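# Per-entry structural report
So the chains spell out like this:
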Amino acid sequence: MDTKEIIALENRFGARNYKPLDVVLERGEGVWVWDVEGNRYMDCLAAYSAVNQGHCHPRIVNKLKEQAEKLCITSRAFRNDQLSLFYRDICELTNSHMVLPMNSGAEAVETVIKAVRKWGYTVKGVADGKAEIIVCDNNFHGRTLTIIGFSTEEQYKEGFGPFTPGFKTVPFGDAEALKQAITENTVAFMVEPIQGEAGVIVPPDGYLKAVREICSQNHVALVLDEIQTGLGRTGRLLAEEHEGIEADVTLIGKALSGGCYPVSAVLSNAEVLGVFLPGDHGSTFGGNPLACAVAREALMVLVEENLVENAAVLGDYFMKGLERIKSPHVKEIRGKGLLIGVELKAGAGGARAFCERLMGLGILCKETHEHVIRFAPPLVITRAEIDWALSRVEQVLIP
Ligand SMILES: *Cc1c(COP(=O)(O)O)cnc(C)c1O
């Protein structure tokens, strides 16, 4: 089947909840992907940061095959020999005390909502049914009903109510607003270190440090959603390290498996995850041996191939290269490491058209919101590959 036929088939049977670019991919390797006609593209989205280690990383794929032939799933009704090793490695690497494995990012978010509520009732002493969680404007934490209920994006919510109560929003990047919003019923503040889906919004320097202090002073759990910013993307293993803080709970997902399998995790101090008792929470696939083996290997690849450092150094290089392109369309370039947003001026006609032109030149990007092009390639990218990309971005940004 060619591109047209595949797209027609997809449109005939599939729900229309996505509007992808019209490119049909069949193969990937490192930063590169190929479509069914044999055209090659650089993947500058990296599946929203799920393939930080690059497409089909041979070590991760081999581990996947090896473990798949031994044992895929036991359910948590029984133990498996991979889970404890995954626990040890992820806790040592991230300085966490306790971990709870899930599959998707949204499930990790749902898990933490349950955990901090129960922590609020049983440890902090909040009156039953009163627990409040504070989140930020323009947040993105996933697509389940509870999560979209505290989104400020109208389209995410429209037609899907009623929603779960118990959430409050404050402006992102404004520590004072958080302080004002906290009450005796506040159990947690959940925030992305950089808002990815909102258009790569970087908060002012010192913001995370300030919210850390405010949360500590008020006995409020600080939950960082690092599902997109974590695991090397911003040039640190976790983005919290840029400000030298430690969250009480950190959520990771996406690149945790190098994109080979859905794996997410809630990382926590012992106090918050410690509230769960047998029967309180679970997932059939969460913590299965295939997921654990793949995630361990994906973490080892990040460390042993110095991908975190590569993201820092080459992220800087990419950003400086973008800044050198003197385009009349660009309003602002921002980001950290290899999470970079190029915001176009309102009159530029929207980022989608630019992404389509980039596709014509062999670069796959996705607009976030209307006016931002996100550049977030796999962290295995090289300087020469960035130069290749920059020359094409320049052709598209300069009329
Ligand atoms: C992608 C993402 C999620 C949701 O992850 P899914 O695996 O798509 O459910 C949550 N939070 C952030 C910050 C994300 O970028």
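In case you missed it, the structure is sitting above this.
Residues numbered from 1 in each chain as written. Predicted model: local features only at pLDDT ≥ 70, side-chain atom pairs only at ≥ 80, totals over all residues. Heavy atoms only, no water.

This part is about the overall build of the chain. Per the secondary structure count, the chain includes 14 helices and 15 strands. Against the globule reference of 21 Å for 399 residues, the chain gives a C-alpha radius of gyration of 21 Å, in line with a compact fold. Overall, the chain is about 60 × 50 × 45 Å in size when its C-alpha atoms are taken along their principal axes. Across the 399 residues of the chain, 55% fall into the buried class. In the chain, 71% of the contacts between residues at least 6 apart in sequence involve partners at least 24 apart. Working note: accessible area of the chain is about 17800 Å², and carbon and sulfur atoms make up 52% of it. (Helix = DSSP H or I, 4+ residues; strand = E, 2+ residues; numbered from the N terminus. Rg over C-alpha atoms; globule rule 2.2 N^0.38 Å. Buried < 20%, exposed > 50% of the residue type's maximum accessible area, 1.4 Å probe, protein only. Contact = heavy atoms within 4.5 Å. Areas by Shrake-Rupley, 256 points an atom, 1.4 Å probe, with all protein chains shown as cover.)

All of the buried residues in helix α13 (residues 351-360) are Ala 351, Arg 352, Phe 354, Cys 355, Leu 358 and Met 359. Down the axis of α13, the buried side of the element spans an arc of 160 degrees, and every buried residue falls inside it. (Arc of directions from axis to C-beta.)

What follows covers the packing of helix α4 (residues 83-94) against helix α11 (residues 289-304). Running from amino to carboxyl end, α4 crosses α11 at an angle of 30 degrees, the nearest separation of the two axes being 9 Å. Taken together, the axes of α4 and α11 are roughly parallel relative to one another. In terms of crossing hand, the pair formed by α4 and α11 is left-handed. Mapping the contact onto sequence places Leu 83, Leu 85, Phe 86, Arg 88, Asp 89, Ile 90 and Leu 93 in α4 and Cys 292, Ala 295, Arg 296, Leu 299, Met 300 and Val 303 in α11. (Axes fitted to C-alpha atoms, helices over the stretch in contact; angles between N-to-C directions. Parallel < 35°, antiparallel > 145°, perpendicular 65-115°, else oblique. Left-handed = near helix turned anticlockwise from the far one by under 90°.)

Turning to the packing of aromatic side chains, a few remarks are in order. Across all of its chains, the model carries six aromatic pairs by this definition. Arranged with centres 6.4 Å apart and planes meeting at 45 degrees, the rings of Phe 86 and Tyr 87 form a pair that is tilted. One residue, Arg 40, lies across the ring of Trp 32, its end atom 3.5 Å from the ring centre. (Phe/Tyr/Trp six-rings, centres within 6.5 Å; stacked < 30°, edge-to-face > 60°. Lys NZ or Arg CZ within 6 Å of the ring centre and 35° of its normal.)

For the pair helix α12 (residues 307-324) and helix α14 (residues 383-397), the least separation of the axes is 10 Å and the interaxial angle reads 20 degrees. It follows from the interaxial angle that α12 and α14 lie roughly parallel. Along this stretch, α12 crosses α14, giving a crossing that reads as right-handed. On α14, the residues that touch Val 313, Leu 314, Tyr 317, Phe 318, Gly 321 and Leu 322 of α12 are Arg 383, Ile 386, Asp 387, Leu 390 and Val 393.

A few words on the pattern of salt bridges. Where charged atoms from two side chains of opposite charge come close, those side chains can pair. A complete count under the given rule lists 16 salt bridges for this structure. When the shortest N-O distance is used, the salt bridge between Glu 356 and Arg 352 registers 3.1 Å. Linking Glu 356 with Arg 352, this pair stays in helix α13, spanning four residues, or about one helical turn. For Glu 356, a relative accessible area of 40% translates into the label partly exposed. (Salt bridge = Lys/Arg side-chain N within 4 Å of Asp/Glu carboxyl O.)

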